[in-house]
Structure formats: C-alpha cells, structure tokens
Amino acid sequence: MPAHPTAAGGGPGWANLGMDIVSVKRVRRLLDDHGEGFFERMLDPGELADCRTSSGLDLLSLCGRIAAKEAAFKTLRVRGRFLPWRDIVVRRSDGGWPLVELRRGAADMAAQSGITDITVSISHDVDYAVAVAAPILGDPSGLRP
C-alpha cells in the first residue's frame with residue numbers, strides 16, 4: 001500500500017462524495033459586515049427567496065445552501081477550478097428537500113466527469129449546517145434509455 005493516496009478519483013464507475021460544514025456564526029458575521037448583497041454573489045434570486053422568512057434571511061437555510069453548493073462542487077473533483085457559486089443552484093422542492101441544478105461551467109465540469117446529476121442532503125442545528133452530496137453517474141455503456 002502506498003504511503004500517500006494516489007487516486008484522484010474519476011474514471012468509469014468512480015464516484016466522489018462531497019461534504020461541507022458551515023458555521024452559522026461566520027455567516028452571521030458576513031451578513032452583519034456586508035449585508036445581503038454579499039450573498040447575491042453566491043446565490044441566485046430563487047435560492048435567496050427559499051432562505052427568506054417574514055423577518056429576513058433565515059441563517060440556517062442560508063448556511064445549508066452554502067454547504068450544499070460546496071459539497072456538490074467537491075463531487076466534481078476538478079483541479080485548478082474555483083467553485084462557480086451561481087452555476088450550482090440549490091432549490092427547495094415542493095416536498096421540502098433540496099434539489100441541485102447544474103448550470104453553465106458546473107454543468108460542463110459534471111459532463112467531463114461523467115456526472116449527470118447531483119443529489120444532496122442538508123442538515124442544520126443551532127451553530128452549524130452540513131451537507132453531503134453524491135453524484136449520479138451517466139451510464140458508461142450507453143445502454144440505458
């Protein structure tokens with residue numbers, strides 16, 4: 001067994017899980033220091049609407065979205081690329097669970113990795129939000145409809 005891991009991931013049948021944790025305290029500080037406009041660079045209007053309540057942005061929902069985007073990006077394992085914040089969209093489904101939509105650069109990275117979709121689970125409590133993402137791989141044989 002090698003002293004250092006050598007597999008970078010990728011290739012037929014290979015899938016990378018992504019996980020991220022976000023501190024509510026840190027996001028609250030960003031919101032206090034920079035206002036909601038700071039998060040408009042990271043989330044699209046629909047995502048922000050999903051995080052909004054009658055009293056403003058719900059911090060746990062906001063943290064969950066940020067963690068989900070980071071986790072989804074980690075499934076792609078693309079070297080030398082920064083997270084395309086607005087190209088990974090995490091919306092609330094009618095049933096309440098999160099759905100991931102990949103756009104533009106993120107969709108291109110996923111296609112290059114053989115990923116057709118990403119599923120994500122978000123959980124949060126008082127101080128932290130966490131997300132786990134798993135890629136859904138395309139059929140390498142091309143046999144599925």
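Heads up: these notes are all about the structure in this document. Quick caveat, the model's predicted, so the values are computed rather than measured.

The subject of this paragraph is the packing of aromatic side chains. In the structure shown here, the tally under the stated rule is one aromatic pair. Ring centres 5.2 Å apart and planes at 80° place the aromatic pair phenylalanine 38 and phenylalanine 39 in the edge-to-face group.

On to the pattern of salt bridges, then. Using the criterion set out here, one finds eight salt bridges in the structure. In this structure, aspartate 44 and arginine 103 form a salt bridge, with 3.3 Å as the shortest nitrogen-oxygen distance. With aspartate 44 in the loop between helix H2 (37-40) and helix H3 (45-50) and arginine 103 in the loop between strand S5 (98-102) and helix H5 (104-112), this pair connects stretches of sequence that are 59 residues apart. Among the charged side chains, a salt-bridge network with shared partners connects Asp44, Glu101 and Arg103.

Take unusual backbone geometry next. Unusually for a residue other than glycine, arginine 104 sits at a positive phi of about 35°. By the secondary structure assignment, arginine 104 is in helix H5. For arginine 104, a relative accessible area of 53% corresponds to the exposed category.

Cut-offs and rules
- Residues numbered from 1 in each chain as written.
- Predicted model: local features only at pLDDT ≥ 70, side-chain atom pairs only at ≥ 80, totals over all residues.
- Heavy atoms only, no water.
- Phe/Tyr/Trp six-rings, centres within 6.5 Å; stacked < 30°, edge-to-face > 60°.
- Salt bridge = Lys/Arg side-chain N within 4 Å of Asp/Glu carboxyl O.
- Helix = DSSP H or I, 4+ residues; strand = E, 2+ residues; numbered from the N terminus.
- Buried < 20%, exposed > 50% of the residue type's maximum accessible area, 1.4 Å probe, protein only.

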